[in-house]
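Letter by letter, the chains look like this.
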Amino acid sequence: MKKILSMMLVAAGLTVAAQPKKAPKMAPMLTPGYYVSSKGDTVRGEIQTNPDDETDMYHKFNFKPLKGGKIMPVDSKKAKAYGYDDHNFVVITYEGEEMFVERLAKGRINFFEYRFNGKIDGNPAIESSYFVQDTRAEGEDAGLKDLKKISNRFYKKDLQPYMKDQKMIWSDLDKYNFDRQAVVKAINEFNKFYVITAN
(Lines give C-alpha, C1' and ligand atoms only; values in the text may rest on other atoms or scores of the structure.)
Protein backbone atom coordinates (compact mmCIF):
# COMPACT_ATOMS: atom_id res chain seq x y z
CA MET A 1 0.00 0.00 0.00
CA LYS A 2 2.84 2.35 0.87
CA LYS A 3 4.47 1.61 -2.48
CA ILE A 4 1.27 2.49 -4.34
CA LEU A 5 0.91 5.76 -2.42
CA SER A 6 4.58 6.58 -3.05
CA MET A 7 4.17 5.87 -6.78
CA MET A 8 1.06 8.07 -6.94
CA LEU A 9 2.86 10.89 -5.14
CA VAL A 10 5.85 10.66 -7.49
CA ALA A 11 3.52 10.58 -10.53
CA ALA A 12 1.61 13.63 -9.26
CA GLY A 13 4.87 15.48 -8.59
CA LEU A 14 6.19 14.71 -12.07
CA THR A 15 2.92 15.83 -13.64
CA VAL A 16 3.04 19.15 -11.82
CA ALA A 17 6.73 19.66 -12.67
CA ALA A 18 6.05 18.91 -16.35
CA GLN A 19 3.51 21.74 -16.67
CA PRO A 20 4.78 24.70 -18.71
CA LYS A 21 5.67 27.67 -16.55
CA LYS A 22 4.02 30.85 -17.77
CA ALA A 23 5.54 34.12 -16.77
CA PRO A 24 3.19 36.06 -14.54
CA LYS A 25 1.62 39.08 -16.20
CA MET A 26 0.33 42.19 -14.54
CA ALA A 27 -3.25 43.14 -15.10
CA PRO A 28 -3.50 46.04 -17.56
CA MET A 29 -3.53 49.45 -15.88
CA LEU A 30 -5.77 51.76 -17.89
CA THR A 31 -5.67 55.56 -17.84
CA PRO A 32 -8.04 57.98 -19.61
CA GLY A 33 -6.52 59.02 -22.91
CA TYR A 34 -7.10 59.56 -26.62
CA TYR A 35 -5.69 58.87 -30.03
CA VAL A 36 -5.93 60.72 -33.33
CA SER A 37 -6.86 58.31 -36.12
CA SER A 38 -5.14 58.35 -39.50
CA LYS A 39 -8.24 60.23 -40.79
CA GLY A 40 -7.82 62.94 -38.13
CA ASP A 41 -10.66 61.90 -35.79
CA THR A 42 -10.02 62.03 -32.04
CA VAL A 43 -11.06 58.82 -30.30
CA ARG A 44 -11.41 58.92 -26.51
CA GLY A 45 -11.03 55.95 -24.22
CA GLU A 46 -8.42 54.35 -22.00
CA ILE A 47 -4.77 53.53 -22.73
CA GLN A 48 -2.79 50.76 -21.08
CA THR A 49 0.15 52.37 -19.29
CA ASN A 50 1.95 49.19 -18.18
CA PRO A 51 2.81 47.08 -21.25
CA ASP A 52 5.01 44.00 -20.72
CA ASP A 53 7.86 45.83 -22.49
CA GLU A 54 7.77 49.59 -21.87
CA THR A 55 9.39 50.26 -25.26
CA ASP A 56 6.28 48.83 -26.95
CA MET A 57 4.59 52.22 -26.47
CA TYR A 58 6.91 53.60 -29.15
CA HIS A 59 5.57 51.14 -31.75
CA LYS A 60 2.00 50.48 -30.66
CA PHE A 61 -0.28 50.99 -27.69
CA ASN A 62 -3.27 49.16 -26.21
CA PHE A 63 -6.54 51.07 -26.26
CA LYS A 64 -10.00 50.44 -24.80
CA PRO A 65 -12.79 52.54 -26.37
CA LEU A 66 -14.82 54.80 -24.09
CA LYS A 67 -18.08 53.07 -25.04
CA GLY A 68 -16.75 49.70 -23.92
CA GLY A 69 -15.28 46.78 -25.74
CA LYS A 70 -12.05 44.85 -25.54
CA ILE A 71 -8.55 46.26 -25.27
CA MET A 72 -7.13 46.42 -28.78
CA PRO A 73 -3.64 47.17 -30.10
CA VAL A 74 -3.28 50.35 -32.17
CA ASP A 75 -0.19 50.98 -34.29
CA SER A 76 1.15 53.88 -36.37
CA LYS A 77 -0.95 52.83 -39.38
CA LYS A 78 -4.19 53.41 -37.42
CA ALA A 79 -3.12 56.41 -35.31
CA LYS A 80 -0.94 59.44 -35.94
CA ALA A 81 -0.88 60.59 -32.31
CA TYR A 82 -2.01 59.51 -28.84
CA GLY A 83 -1.75 60.69 -25.28
CA TYR A 84 -2.62 60.17 -21.64
CA ASP A 85 -1.89 62.17 -18.48
CA ASP A 86 1.03 64.46 -19.42
CA HIS A 87 2.43 62.12 -22.07
CA ASN A 88 1.81 62.93 -25.74
CA PHE A 89 3.13 60.83 -28.60
CA VAL A 90 3.22 61.59 -32.33
CA VAL A 91 4.24 59.51 -35.34
CA ILE A 92 7.45 60.33 -37.17
CA THR A 93 9.22 58.59 -40.00
CA TYR A 94 12.91 58.06 -39.36
CA GLU A 95 15.15 56.05 -41.68
CA GLY A 96 12.06 54.67 -43.43
CA GLU A 97 10.43 53.39 -40.22
CA GLU A 98 7.29 54.86 -38.68
CA MET A 99 7.39 55.10 -34.90
CA PHE A 100 5.80 56.94 -32.03
CA VAL A 101 7.97 59.48 -30.22
CA GLU A 102 7.10 61.27 -27.00
CA ARG A 103 6.86 65.04 -27.38
CA LEU A 104 8.86 66.55 -24.50
CA ALA A 105 8.67 70.19 -25.65
CA LYS A 106 6.38 71.94 -28.12
CA GLY A 107 6.67 75.41 -29.62
CA ARG A 108 9.13 77.01 -31.98
CA ILE A 109 11.46 74.12 -31.13
CA ASN A 110 9.92 70.68 -30.83
CA PHE A 111 11.87 68.09 -28.84
CA PHE A 112 11.06 64.35 -28.94
CA GLU A 113 12.27 61.15 -27.28
CA TYR A 114 12.27 57.62 -28.68
CA ARG A 115 13.08 54.71 -26.33
CA PHE A 116 14.27 51.28 -27.44
CA ASN A 117 15.91 48.12 -26.12
CA GLY A 118 19.67 48.31 -26.49
CA LYS A 119 22.86 47.96 -24.50
CA ILE A 120 24.62 50.36 -22.18
CA ASP A 121 28.17 49.35 -21.21
CA GLY A 122 27.49 45.89 -22.67
CA ASN A 123 24.45 45.24 -20.49
CA PRO A 124 20.86 45.07 -21.78
CA ALA A 125 19.12 48.36 -21.06
CA ILE A 126 16.58 50.82 -22.41
CA GLU A 127 18.24 53.53 -24.48
CA SER A 128 16.86 56.84 -25.71
CA SER A 129 17.27 58.78 -28.94
CA TYR A 130 16.30 62.43 -29.13
CA PHE A 131 15.01 64.44 -32.07
CA VAL A 132 14.75 68.20 -32.55
CA GLN A 133 12.95 70.45 -35.04
CA ASP A 134 12.61 74.24 -35.53
CA THR A 135 9.05 74.87 -36.72
CA ARG A 136 9.77 78.46 -37.79
CA ALA A 137 13.11 78.03 -39.55
CA GLU A 138 13.38 79.94 -42.82
CA GLY A 139 15.96 81.26 -45.27
CA GLU A 140 19.42 79.79 -44.73
CA ASP A 141 18.12 77.83 -41.72
CA ALA A 142 15.17 76.22 -43.57
CA GLY A 143 16.81 72.80 -43.16
CA LEU A 144 16.22 73.04 -39.40
CA LYS A 145 12.49 72.43 -40.07
CA ASP A 146 13.36 68.82 -40.84
CA LEU A 147 13.41 66.44 -37.90
CA LYS A 148 17.01 65.71 -36.86
CA LYS A 149 18.36 63.13 -34.44
CA ILE A 150 20.79 64.65 -31.96
CA SER A 151 23.73 62.94 -30.31
CA ASN A 152 23.46 62.12 -26.62
CA ARG A 153 27.18 62.77 -26.28
CA PHE A 154 27.57 65.98 -28.33
CA TYR A 155 24.04 67.24 -27.87
CA LYS A 156 25.04 70.82 -27.04
CA LYS A 157 26.82 71.21 -30.38
CA ASP A 158 23.79 69.71 -32.17
CA LEU A 159 21.40 72.13 -30.42
CA GLN A 160 23.46 75.26 -31.11
CA PRO A 161 21.93 76.11 -34.53
CA TYR A 162 18.42 75.69 -33.10
CA MET A 163 19.01 77.93 -30.09
CA LYS A 164 21.35 80.53 -31.63
CA ASP A 165 18.77 83.30 -31.18
CA GLN A 166 18.91 82.85 -27.40
CA LYS A 167 22.59 82.05 -26.76
CA MET A 168 22.33 82.63 -23.02
CA ILE A 169 19.89 79.71 -22.63
CA TRP A 170 22.06 77.46 -24.81
CA SER A 171 25.28 78.39 -22.98
CA ASP A 172 23.77 77.35 -19.61
CA LEU A 173 23.54 73.71 -20.75
CA ASP A 174 26.21 71.35 -19.40
CA LYS A 175 28.72 70.54 -22.15
CA TYR A 176 29.71 67.14 -20.81
CA ASN A 177 26.61 65.54 -19.25
CA PHE A 178 23.32 65.12 -21.07
CA ASP A 179 20.50 65.81 -18.61
CA ARG A 180 17.11 65.23 -20.21
CA GLN A 181 15.22 67.46 -17.76
CA ALA A 182 17.72 70.32 -18.14
CA VAL A 183 17.43 70.17 -21.95
CA VAL A 184 13.60 70.10 -21.81
CA LYS A 185 13.64 73.03 -19.38
CA ALA A 186 16.02 75.03 -21.62
CA ILE A 187 13.92 74.38 -24.76
CA ASN A 188 10.70 75.32 -22.94
CA GLU A 189 12.39 78.52 -21.73
CA PHE A 190 13.55 79.23 -25.31
CA ASN A 191 10.03 78.62 -26.64
CA LYS A 192 8.55 81.20 -24.22
CA PHE A 193 10.26 83.94 -26.25
CA TYR A 194 8.29 82.89 -29.35
CA VAL A 195 4.78 82.40 -27.99
CA ILE A 196 2.24 84.15 -30.19
CA THR A 197 -0.28 86.07 -28.10
CA ALA A 198 -3.56 87.51 -29.27
CA ASN A 199 -4.26 91.20 -28.56
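Above this text is the structure in question.
Below is a summary of the structure that appears in this document. Just so you know, these numbers come straight off a predicted model, no measurement behind them. (Residues numbered from 1 in each chain as written. Predicted model: local features only at pLDDT ≥ 70, side-chain atom pairs only at ≥ 80, totals over all residues. Heavy atoms only, no water.)

## Focus on the environment of Ser-37
Then step 1. Examined against the element boundaries, Ser-37 turns out to sit in strand S1 (residues 30–37).
Then step 2. For Ser-37, a relative accessible area of 11% translates into the label buried.
Then step 3. As for Ser-37 and Tyr-82, which are separated by 45 residues in sequence, their C-alpha atoms are 8.8 Å apart.
Then step 4. If we ignore the near neighbours within four places in the chain, the residues touching Ser-37 are Lys-78, Ala-79 and Lys-80. (Helix = DSSP H or I, 4+ residues; strand = E, 2+ residues; numbered from the N terminus. Buried < 20%, exposed > 50% of the residue type's maximum accessible area, 1.4 Å probe, protein only. Contact = heavy atoms within 4.5 Å.)

## Here we look at the side chain of Gln-133
Then step 1. Relative to the assigned elements, Gln-133 resides in strand S9 (residues 123–134).
Then step 2. If we ignore the near neighbours within four places in the chain, the residues touching Gln-133 are Arg-108, Ile-109, Asn-110, Phe-112, Leu-144, Lys-145, Asp-146, Leu-147 and Tyr-162.

## With respect to the nonpolar core
Then step 1. Phe-111, Leu-159, Met-163 and Leu-173 are the most contacted members of the largest nonpolar core, which has 22 residues in total.
Then step 2. Taken together, the elements giving at least two residues each to this core come down to strand S7 (97–105), strand S8 (109–120), S9, helix H2 (155–159), helix H3 (167–171) and helix H4 (180–192).
Then step 3. No other element matches the five residues that H4 contributes to this core.
Then step 4. Not counting residues within four places of it along the chain, the set of residues in contact with Met-163 comprises Ile-109, Ile-169, Trp-170, Leu-173, Ala-186, Ile-187 and Phe-190.
Then step 5. By size, the runner-up hydrophobic cluster in this structure holds 21 residues, among which are Val-74, Tyr-82, Ile-92 and Tyr-114. (Core = buried A, V, L, I, M, F, W, Y, C linked by side-chain atoms within 4.5 Å.)

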